[in-house]
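Listed below, chain by chain, are the residues.
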Amino acid sequence: MIRKEAGLAFWLDWVEHRGGLWDDAGDTALALLPAALASELELPEETAVTADPDVAREDGALLLVTGHPVVAKAAESVLAAGDTGTLTLAAPRSVPPDAATLLSKAREHLPVDHGRLDPRADAVPERALRPVLRVGALVGYELSAEDHFQEQVEVFVDVPSRLQVPARVSERLARTGHDPRAQAAPPAGLAAAVHYASTSRPDLSAALAEAHRMLEAAAELRRDGLARQIGDAYAKERARAEEYYAAAVDSLERRAATAPEDRAALLRARIESTREERARRLAEIAEKYRARHTLTPYRLHLLRVPVLRLALDVRRGERRYPLDLDWLLPAGEFAPLRCPACAHSGAQLVAAKTHLGCARCLAPKRPTPQPASESVPPPRDGAAAHAAASAEGAVAPMRAGATAAVGPSAARNAEAAGGAAPRSGGRAKAGRIAEASGTRAASSRPATPGHAPSPPQRRSVDPQTLHKRAFTFWEHAAGGDRRKLERLCAPDSPAAALLRLYGAAGPLYGIGVAPQERVESCSAVVFPAEGRRGWDGAGGEVRTDRGRHDYLLRWSLGPDRLIAEVLPHQSPYAMNASTMMARYRTDGTELGTRLPRTGAELDPVARLLWQRTPARHGGHLAARALASWWRLTDPRALRERYPAAILAAAAERSACYWSGVGGGGYGDAARLWQVPEAELRKAGMHLQRLLKLTQDQPW
């Protein structure tokens, strides 16, 4: 009876979990709280609680319903602790399908073009456990100053394929009980679970990053839909403000037209101030209705799902390509499968003469069409960009004075992927000229009335060019040629900040190379830009006499295509996984990055940033914060207005916020830097007005 109200039922369960007891007395419940819990909640150790207002008024019991501060404090405690663990699901008691039935279902579920599925010789279905991640989060939506919403979202991600599990399968997995015979020690907290996934199991790290991307994409879609619902309120308030200031300016202009000269000068000054006030007011209204969302992860379960593993061969004539399929026993379906060649999904498998792929990566190459002068050229094929990204160059020597040559295999791979090879011929050149002319013609056409033009797709540099530039960059870094490195790096960028701190050794220190190490060689893999927010990049390893160091170069978005960042990751996917996992870190968790002392002359703010930020968020976040601080035209005026610690905290918070990592809130930054939050907010907003940082330009 007492557990009908959800908030009170949750609170009673929480009290019992924390070591307390409670007794149901019909309309009320008597809760016995431990001394520590009673002190934390500021309640007596014996507290009568109820969800009925009349009972609370007559009997003097504490009214606990959803939204009560005591219930909210219990919810915050649960969210802060996190719900993490490893569960082995129980297999159903029904008889599993035999090999012939599984083969029939596999052929029906997974048709193969130019081939067929056949059982592998002497192979029988084997029982195994397949890892599936269950990630839950609370999403808070802030649509305006008055409109706030909170929703719960959850996603199931298959770890080997990094694909989202269909809803019908996830519902069955959620209803399946765990196997009590399985021994699994759950990680102690959300941060420990994420650290375990990122260090001991790289496939878990990639799946976790994909789960976070799915949650973010769903939250952004939901946020945009909610924002459209209050679009009328924003339009009305803006129209009222514009009408008010238009009337005020019109009145002042009429008075100035008939006033004496001295009075007219004052009225004209008031007109200018009114227009400035109008601009500020419209900016405030836009900021008031700017939609935001925050993602608070609270659940991370690693589900070990019992499966029947079917060993198959995809046959094309006498050729055989091995393929393993997992039948999820609790769900009665096959696990998701990625293309073994291009790692994409959603396309039909194709058995080619050389390997097993899908209809996307094995599509026949067609000649580039000649677009008309008034038409928009077709977009670049995504499969070609991915194939170019996966073409790894040969390891090249990186000694001082040596030339980093590109291997012929990388050139052939880039040419096969659709990139511009040196021996492209006149047809490819004509196609590129036609494509460029079509783009200029499309950009000169007027936009359709009533429709905002969509942002253009970013054109990627030729993968072979990026490949050569990556080798050239590390050759100059190994040779200590700072002047040539400065020509390759974008000004006011994190890469330029590393050069300012350490000279030519800055990029090497940025990826973890110690001062005593000697660079011997490097490898490079090109990652062309994809979509409207992609970056051209090249990643790989820099090999020294003492070990290997991952790196990722990112090129700027301008026409010069200069290097903007040097990151300690091997690929954009590893960078995204690291960025995502930084959001899960609790306060006080440090990366432990230690960089050599710099001989550069630093102002007090830059000195504080370089002393504290690398240990908390890594050297690349510190380089972003320094790049944004050094981009200011008059930092002395800010230092005269705010203390150095507050400015350093504001610069670090801005870099974290726009980079999408943990520690991007004003409260977190104020606690880390031990500065007043109100002053930090004021300095942070001042910096943002000067720097105008965005997700595309987080420095």
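Figured I'd write up the structure that's included with this text. Just so it is clear, the model here is predicted, and its values are computed rather than measured.

Rules of the game
- Residues take numbers from 1 onward in each chain, read along the sequence in its written order.
- Given that the model is predicted, a residue must reach a pLDDT of at least 70 before its local features are reported, and side-chain atom pairs must reach 80 or more before they are shown or counted; all residues, however, enter totals for whole chains, interfaces and linings.
- Calculated side-chain values reflect all of the structure's heavy atoms, with hydrogen atoms and water omitted.
- We define a nonpolar core as any set of buried Ala, Val, Leu, Ile, Met, Phe, Trp, Tyr and Cys residues linked to one another through side-chain atoms lying within 4.5 Å.
- Working definition: with a 1.4 Å probe on protein chains only, accessible area under 20% of the residue-type maximum means buried, over 50% means exposed, and in between means partly exposed.
- A helix here means a DSSP run of H or I that spans at least four residues, while a strand means a run of E at least two residues long, and both kinds are numbered starting from the N terminus.
- Note on pairing: DSSP must find at least two bridges between two strands before they are called paired.
- We call two residues contacting when some pair of their heavy atoms lies within 4.5 Å.
- Note on geometry: axes are lines fitted to C-alpha atoms, helical ones only across the stretch in contact, with angles between N-to-C directions running from 0 to 180 degrees.
- Crossing handedness is read from the near helix: turned anticlockwise from the far helix by less than a right angle, it gives a left-handed crossing, and turned clockwise, a right-handed one.
- As a working rule, the residues Ala, Val, Leu, Ile, Met, Phe, Trp, Tyr, Cys and Pro are called nonpolar, Asp, Glu, Lys and Arg charged, and the rest polar, with Gly in that last group.
- Salt-bridge detection follows one rule: a side-chain nitrogen of Lys or Arg within 4 Å of a carboxyl oxygen of Asp or Glu.
- Here the angle decides the label: under 35 degrees means roughly parallel, over 145 means roughly antiparallel, 65 to 115 means roughly perpendicular, and every other value means oblique.
- In the analysis that follows, any N or O atom pair within 3.5 Å is treated as a polar contact, provided that within protein one partner can donate a hydrogen and the other can accept it, and provided that, for residues neighboring in sequence, both atoms belong to side chains.
- Regarding the arc, it is the one traced by the directions from the helix axis to the C-beta atoms.
- Count a disulfide wherever a pair of cysteine sulfur atoms falls within 2.5 Å.
- Surface patches are defined over residues having more than 30% relative accessible area and no salt bridge, joining like charges when they lie within 9 Å and nonpolar side chains (Val, Leu, Ile, Met, Phe, Trp, Tyr) when within 5 Å.
- Under the convention used here, a 1.4 Å probe and the Shrake-Rupley method define accessible areas, while residue burial counts only the protein chains that appear.
- Each Phe, Tyr or Trp ring (for Trp, its six-membered ring) is paired with any other whose centre lies within 6.5 Å, and the angle between the two planes then decides the class: stacked below 30 degrees, edge-to-face above 60, tilted in between.
- Placement of a charge over a ring requires the Lys NZ or Arg CZ to be within 6 Å of the ring centre, with the centre-to-atom vector within 35 degrees of the ring normal.

**Quick word on the nonpolar core**
Core analysis: the biggest nonpolar cluster contains 66 residues, and Trp474, Leu553 and Trp629 have the highest contact counts within it. Among the elements that line this core, the one with the most residues is helix H22 (residues 644-659), at 9 residues.

**Some words on the sheet that holds strand S4 (residues 62-63)**
A sheet is described by the order of its strands in space; here 4 strands give the open sequence S1-S2-S3-S4, paired in mixed fashion. Each edge of the sheet is formed by a strand with only one pairing partner; in this case those strands are strand S1 (21-24) and S4. On top of the sheet, helix H1 (residues 6-17) reaches S1, strand S2 (28-32) and strand S3 (46-50); it is set at about 155° to S3, its chief contact.

**Describing the packing of helix H23 (residues 666-673) against helix H24 (residues 677-691)**
Look at H23 against H24: their axes get within 9 Å of each other, and the N-to-C directions meet at 115°. Considering how the two elements wind past one another, H23 and H24 form a crossing that is right-handed. Packed against H23, whose contacting residues are Tyr666, Gly667, Ala669 and Ala670, the element H24 presents Glu677, Leu680, Arg681, Gly684 and Met685 at the interface. Residue classes in the contact of H23 with H24 are distributed as 5 nonpolar, 2 polar and 2 charged.

**What to know about the pattern of salt bridges**
Here the structure, examined in full by the defined rule, presents 41 salt bridges. Residue glutamate 154 is joined to arginine 299 by a salt bridge in which the shortest nitrogen-to-oxygen separation is 2.6 Å. You can see glutamate 154 sitting in strand S9 (residues 148-158) and its partner arginine 299 sitting in strand S11 (residues 292-316), a full 145 residues away along the chain. With relative accessibility at 32%, the residue glutamate 154 sits in the partly exposed group. Exposure remark for arginine 299: the relative accessible area of 17% places this residue in the buried category. Note that aspartate 481 is salt-bridged to lysine 484, the shortest N-O span being 3.8 Å. Salt bridges sharing common partners tie together Glu146, Glu237, Arg281, Glu284 and Lys288.

**Comments concerning the packing of H1 against helix H4 (residues 69-81)**
Here H1 crosses H4 at 55°, and the two axes come no closer than 10 Å. Taken together, H1 and H4 sit at an angle that is classed as oblique. Viewed along their axes, H1 and H4 form a crossing whose handedness is left-handed. When H1 is examined against H4, the residues Gly7, Phe10, Trp11 and Trp14 are found in contact with a partner set consisting of Val70, Val71, Ala74, Ala75, Ser77 and Val78.

**Topic: the side chain of arginine 624**
Along the chain, arginine 624 falls in helix H20 (residues 619-630). The buried category is assigned to arginine 624, whose relative accessible area is 6%. There is a polar contact of 2.6 Å between the side chain of arginine 624 and the side chain of glutamate 565. If near-sequence neighbours (up to four positions away) are discounted, arginine 624 is found in contact with Pro494, Arg554, Glu565, Ala655, Ser659, Pro698 and Trp699.

**Side note on helix H6 (residues 167-175)**
Along H6, the positions that sit buried rather than exposed are Val169, Ser170 and Leu173. On an axial view of H6, the arc spanned by its buried residues comes to 95°, and they lie on one face. In H6, the exposed positions angled more than 90 degrees off the buried face are occupied by Ala167 and Arg175. Buried residues along H6 sit against strand S8 (126-142), S9, S11, strand S12 (319-328) and strand S13 (333-334).

**Some points on the state of the cysteines**
Here, disulfide denotes a covalent bond that connects the sulfur atoms of two cysteines. The full count for this structure, using the stated rule, is 0 disulfides. You can see cysteine 339 has no disulfide; the closest cysteine sulfur is in cysteine 358, sitting 3.6 Å from it.

**Observations concerning the sheet that holds strand S6 (residues 112-113)**
If you trace the 3 strands from one edge of the open sheet to the other, you get S6-S14-S15, paired in mixed fashion. Bordering the open sheet on either side are S6 and strand S15 (356-358), each of which pairs with just one other strand. Where strand S14 (residues 349-351) and S15 come together, 3 bridges link them in antiparallel fashion. Across the sheet, the residue bridging to alanine 351 is leucine 356, located in S15.

**Structural notes on the pairing of S3**
Two strands pair when backbone bridges link them, and S2 and S3 are joined in this way by 5 bridges, in the antiparallel orientation. Of the residues in S3, the one forming a bridge with leucine 32 is glutamate 46. In this structure, S3 lies alongside S4, joined through 2 bridges in parallel fashion. Bridging from a neighbouring strand, valine 49 pairs with leucine 62 of S4.

**Comments concerning the side chain of arginine 292**
Tracing the backbone shows arginine 292 in strand S11. The exposure class assigned to arginine 292 is buried, which follows from its relative accessible area of 19%. Here the side chain of arginine 292 touches arginine 290 through a polar contact of 3.5 Å, landing on its backbone oxygen. Excluding residues that lie within four positions of it along the chain, arginine 292 makes contacts with Gly140, Tyr141, Glu142, Arg223 and Glu287.

**Side note on a nonpolar patch on the surface**
A surface patch of nonpolar side chains, amounting to about 260 Å² of accessible area, comprises Leu21, Leu30 and Leu32. Structurally, the position occupied by leucine 32 is in strand S2.

**So, the packing of aromatic side chains**
According to the stated counting rule, one finds 8 aromatic pairs in the structure shown. Note on phenylalanine 473 and tryptophan 474: the rings are 5.1 Å apart at their centroids and 80° apart in plane angle, and the pair reads as edge-to-face. By relative accessible area, phenylalanine 473 is classed as buried at 0%. Looking at tryptophan 474, the relative accessible area reads 1%, which means it is buried. With centroids separated by 5.0 Å and ring planes inclined at 85°, the aromatic side chains of tyrosine 502 and tyrosine 509 adopt a geometry described as edge-to-face. Look at tyrosine 502 and you get buried, because its relative accessible area is 13%. Positioned above the aromatic ring of tryptophan 630 is the side chain of arginine 500, whose terminal nitrogen or guanidinium carbon lies 3.9 Å from the ring centre. Seen from the ring of tyrosine 666, arginine 653 lies directly overhead, with NZ or CZ sitting 4.0 Å from the centre.

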